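Below, each chain spelled out in residue letters.
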Amino acid sequence: MLASLNRALDYIEENLAEDIDLKEAARRANCSEYHFSRMFSFLAGVTVSEYIRRRRLTLAALELQSNELRIVDVAVKYGYSSADAFSRAFHSLHGILPSSVKTHASSVRAYSRMTFQLTIQGGSAMDYRLVQKEAFRIVGITKRVPIQFHGVNEEISAMWKSLTPEMIHQLKSLSNVEPSGLIQASTNFSEGRMQEMGELEHYIGAATTMPCPEQFASLEVPATLWAVFEAKGPFPETLQNVWGRIYSEWFPSVNYELTQGPEIVWNESPDITSQTYRSEIWIPVIKRNEDEGNPKANLKSEPISDIMSPTCKRNDGTSR
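On a predicted model such as this, the values are computed, not experimentally measured, just so you know.

Draft legend 1. Spatial organisation of the pattern of salt bridges. If you walk through the whole model with that rule in mind, you get 18 salt bridges. Between Lys-23 and Glu-33 there is a salt bridge; the shortest N-O distance is 3.5 Å. Taken together, the residues Lys-23 in helix α2 (residues 22-28) and Glu-33 in helix α3 (residues 33-44) connect sequence positions 10 residues apart. Between Glu-24 and Arg-28 there is a salt bridge whose closest N-O contact spans 2.8 Å. Of this pair, Glu-24 and Arg-28 both sit in helix α2, 4 residues apart, which is roughly one turn of that helix. We classify Arg-28 as partly exposed; its relative accessible area is 28%. Connected via shared salt-bridge partners are Arg-129, Glu-178, Glu-230, Arg-278 and Glu-280.

Here it is, written out as structure tokens:
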């Protein structure tokens, strides 16, 4: 997977002064555009579009420093419709106007090219199973909440507190498919999800095939394959740690990719004080086409016993 991601980076780098087709980048990464965008953001720490913007503005600054090109010519070269739009973008990244680069020696920021590398470390196994499910719906309450990686999300906590005993009883009575009982689901993430920015659409409810009562919201979930991961330990730290490992370790090491759909959490009980609290994370996946983009790919889907932790390394030797 990482070799495929680097082929996508090669394509982006070769076309910084041209139109970049993210579908083509995803094809070279041997995955869907949806999966490519999500994996890139998680591993690189920035979205694909932000990475492209930074690289283009870095190259633009270098050209303005070393050549006698007009600002408008550099702006057009790197995809800006006007010198004004280019100047605003340039200032937001470098802190100075492009005219300052041409008139005197000013400091600019340089974002060097990234490459993805694999670091092998000793680690613990990830317990997961694959479950094929028919279409169902999630019925319950919903709200747009801030994206938060660590600690208790107060907005989600307030959603739980808003549930009356009668609502909880009704939702539990609707639950007729796995995962059973009350569940949480997150979907429609903002683009800046992997940078812990923006919002997501959060549901608390039940998975069901029954009609949705009028007082609740409904989220239709198509038939798909699910990778189900177990988290056992202090809540919510263990759950959040497993969630991160799914993207940083599991996806780069197997021949499955993320597909469209909500990410679901099932918790074993309302009492979250146990040091061995058990949760499950349900992630919608599809099997990656190994013949697309990289005909020699031969990845196996197996539980991970050694952590295979990808890092994003810049050409200046720094890593994140």
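Draft legend 2. Quick peek at the environment of Phe-116. With respect to the helices and strands, the residue Phe-116 is situated in strand β1 (residues 114-121). Between the alpha carbons of Phe-116 and Leu-43 there is a distance of 8.1 Å; along the sequence they are 73 residues apart.

Draft legend 3. Structural view of the confidence of the model for the protein. Overall, the predicted model of the protein reaches an average pLDDT of 84, with 86% of residues at or above 70. For the stretch residues 291-320, pLDDT sits under 50, and the model shows 95 contacts to residues farther than four places along the chain or on other chains.

Draft legend 4. Examining the nonpolar core more closely. In this structure, Phe-36 and Trp-250 are the most contacted members of the largest nonpolar core, which totals 43 residues. What Phe-36 contacts, discounting residues up to four positions off in sequence, is Leu-5, Ala-8, Ile-12, Ala-25, Ala-26, Ala-29, Cys-31 and Val-48.

Draft legend 5. Helix α1 (residues 2-14), seen in detail. Relative to the 18 Å expected for 13 residues at 1.5 Å per residue, α1 spans 18 Å between its end C-alpha atoms, a close match to the ideal helical length. Among the residues making up α1, those that are buried are Leu-2, Ser-4, Leu-5, Asn-6, Ala-8, Leu-9, Tyr-11, Ile-12 and Glu-13.

Draft legend 6. Region of interest: the pairing of strand β10 (residues 278-287). Within β10, 7 of the 10 residues are buried, which leaves it mostly tucked inside the rest of the structure. Sheet analysis places strand β7 (residues 224-232) next to β10, joined by 8 bridges and oriented antiparallel. Considered in β10, the bridge of Trp-226 is made with Pro-284. Two elements, strand β8 (residues 256-258) and β10, share 3 bridges in a ladder whose sense is antiparallel. Paired with Tyr-256 across the strands is Lys-287, a residue of β10. Where strand β9 (residues 263-267) meets β10, 4 bridges bridge the pair, whose relative direction is antiparallel. Bridging across to β10, Val-265 finds its partner in Ile-281.

Rules used in this analysis
Residues numbered from 1 in each chain as written. Predicted model: local features only at pLDDT ≥ 70, side-chain atom pairs only at ≥ 80, totals over all residues. Heavy atoms only, no water. Salt bridge = Lys/Arg side-chain N within 4 Å of Asp/Glu carboxyl O. Helix = DSSP H or I, 4+ residues; strand = E, 2+ residues; numbered from the N terminus. Buried < 20%, exposed > 50% of the residue type's maximum accessible area, 1.4 Å probe, protein only. pLDDT = per-residue confidence, 0-100. Contact = heavy atoms within 4.5 Å. Core = buried A, V, L, I, M, F, W, Y, C linked by side-chain atoms within 4.5 Å. Expected span 1.5 Å × (residues − 1). Pairing = 2+ DSSP bridges.

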